[in-house]
Amino acid sequence: MAESLTIARPYAEAAFDAARDQGALAAWDDALSRLAQVSRRPEAQQLFGNPGLTPEQVAALMADVAQGLNPEQRNFVQLLARNERLSVLPQVAELFAQQRNAHEGVLDARVTSAFALDDAQVAEIGRTLEARYGRRAQVSVEVDPSLIGGVSIRIGDEVMDASVRGKLAQLAAALVQ
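Residues numbered from 1 in each chain as written. Predicted model: local features only at pLDDT ≥ 70, side-chain atom pairs only at ≥ 80, totals over all residues. Heavy atoms only, no water.

Draft legend 1. View of the packing of aromatic side chains. Counted according to the given criterion, the structure contains 2 aromatic pairs. The interplanar angle of 65° and the centroid separation of 5.9 Å between the aromatic rings of F16 and F96 together place this pair among those described as edge-to-face. Here F96 lies in helix α6 (residues 89-104) and F16 lies in helix α1 (residues 2-22), a separation of 80 residues in the sequence. With respect to burial, F16 and F96 carry one shared label: buried. Summarising the aromatic geometry, the rings of W28 and F76 are spaced 5.8 Å apart at their centres and angled 75° between planes, so their arrangement reads as edge-to-face. Taken together, the residues span a long stretch of sequence, with W28 in helix α2 (residues 25-40) and F76 in helix α5 (residues 71-82) at a distance of 48 residues. The two residues W28 and F76 agree in class, both being buried. (Phe/Tyr/Trp six-rings, centres within 6.5 Å; stacked < 30°, edge-to-face > 60°. Helix = DSSP H or I, 4+ residues; strand = E, 2+ residues; numbered from the N terminus. Buried < 20%, exposed > 50% of the residue type's maximum accessible area, 1.4 Å probe, protein only.)

Below you can see the structure in the form of structure tokens.
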């Protein structure tokens, strides 16, 4: 994963610079998200490195399936295909979104919960984070039953762990000392 991020970073930065210069951050974010979804499909992954297809053919297929790409975005896909980097599209999309959020002053909060959260709970977490940090919060949620109960919130390098698993780990550490 770390190697994929290292490979994806310069592409994400180049896409971000192009999108910012065009005043089209939202359009690029949307296009990269669609391309990332396409690249995760098993059918698409079989195309990557296929010796029977040229990089241009693979890029054209990817762009056609993603639909609605402008000429600059299609050129970006061709660049990735020529450099055999289509497999890092999910990381490119993630890094691009992080750069966009930082540029727009949006807080990217990743909430991990032991159980599924309803929309009202997610909205309440968002409002609490916005009040604490003074910025608009974009909250994404994933479920991890191993937390036992509660939530863990990651914002950049900061982690707020209010999970039962986290509390048990703190208690165990205190008892050892």
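Draft legend 2. Expanded view of the pairing of strand β4 (residues 158-163). With 6 bridges connecting them, strand β3 (residues 150-155) and β4 associate as antiparallel partners. Counted as the bridge partner of V151 is A162 from β4. Counting the residues between successive antiparallel strands, the hairpin from β3 to β4 contains 2 residues, one of them, G156, with a positive phi of roughly 60°. (Pairing = 2+ DSSP bridges.)

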